[in-house]
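Read off the chains here:
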Amino acid sequence: MSETLLHRLEAESAIRRLVRLYCDAVNQRDADAAGALFAPDAMIRIADFPGISGAEAIREGMRQTFAHHAFLRQQCDVGLIDVEGEHARARLSVFEASHRTGEDGVGLIFGFYEDEYVRLAEGWRFWRRRYTMQFRSRVAVNKLQLVEGLDLGFDFAP
């Protein structure tokens, strides 16, 4: 196996792990763990909101967002990853389900991330992220089917 191919495969594997770590941190509503996955000079833009620059500002933005959710589940499907030396790009399909504290209903979002990654001394990190929503809906709780024994953090009673 050539050294170039090995480098590309190692980078792709590390980037897939980075994305899985991010989704796990979001699902746990752990802003510190999620924020640690960004390069110090990272930038993120979610839908039409203004961009956020810097890992610490991104971490604080996540902290504020997570504080409003009783339940948050994000799943990302990593498509093709293009590696060019110490930088890489990928597009990820995203599904997100959430329940905001004190609200009746579950939010459902489909979209995608367009990511750029950079390899630092500590490993691959998010450098640029742009999230585009393709579909967003809110489903009333009385339209959901309860799985017995499952606690989503809100009451299904009518």
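Up top is the structure these notes are about.
Residues numbered from 1 in each chain as written. Predicted model: local features only at pLDDT ≥ 70, side-chain atom pairs only at ≥ 80, totals over all residues. Heavy atoms only, no water.

Draft legend 1. Looking closely at the pattern of salt bridges. Applying the stated rule across the entire model yields 11 salt bridges. The shortest N-O distance in the salt bridge between E12 and R8 comes to 2.9 Å. Remark: R8 and E12 occur in helix α1 (residues 3-27); sequence separation between them is 4 residues, near one turn of the helix. Among the residues examined, R8 registers a relative accessible area of 33% and is labelled partly exposed. Here E116 makes a salt bridge to R89, at a shortest N to O gap of 3.8 Å. Remark: R89 occurs in strand β4 (residues 87-100) and E116 occurs in strand β5 (residues 106-120); sequence separation between them is 27 residues. Overall, E116 belongs to the partly exposed group, its relative accessible area being 24%. One network of salt bridges, in which partners are shared, links D32, E56, R59, E60 and R63. (Salt bridge = Lys/Arg side-chain N within 4 Å of Asp/Glu carboxyl O. Helix = DSSP H or I, 4+ residues; strand = E, 2+ residues; numbered from the N terminus. Buried < 20%, exposed > 50% of the residue type's maximum accessible area, 1.4 Å probe, protein only.)

Draft legend 2. Local environment of helix α3 (residues 55-67). Between its first and last C-alpha atoms α3 spans 18 Å; for 13 residues at 1.5 Å apiece the expected length is 18 Å, and the two agree. Restricting attention to buried positions, one finds in α3 the residues A55, I58, R59, M62 and F66. Buried residues of α3, seen end-on, are gathered within an arc of 100° and therefore sit on one face of the element. Taken together, the buried residues of α3 touch α1, α2 (31-35), β1 (38-46), β2 (52-53) and β3 (69-84). (Expected span 1.5 Å × (residues − 1). Arc of directions from axis to C-beta. Contact = heavy atoms within 4.5 Å.)

Draft legend 3. Region of the structure containing the side chain of E96. Mapped onto the elements, E96 comes out in strand β4. With no salt bridge to any partner, buried E96 finds its closest opposite charge in R136, at an N-O distance of 7.1 Å. A polar contact is formed between the side chain of E96 and the side chain of Q74, at a distance of 3.0 Å. Non-local contacts of E96, meaning those with residues more than four positions away in its chain, are made with L72, R73, Q74, G107, L108 and I109. (Lys, Arg positive; Asp, Glu negative; His and termini not counted. Polar contact = N/O pair within 3.5 Å; in protein donor to acceptor, adjacent residues only side chain to side chain.)

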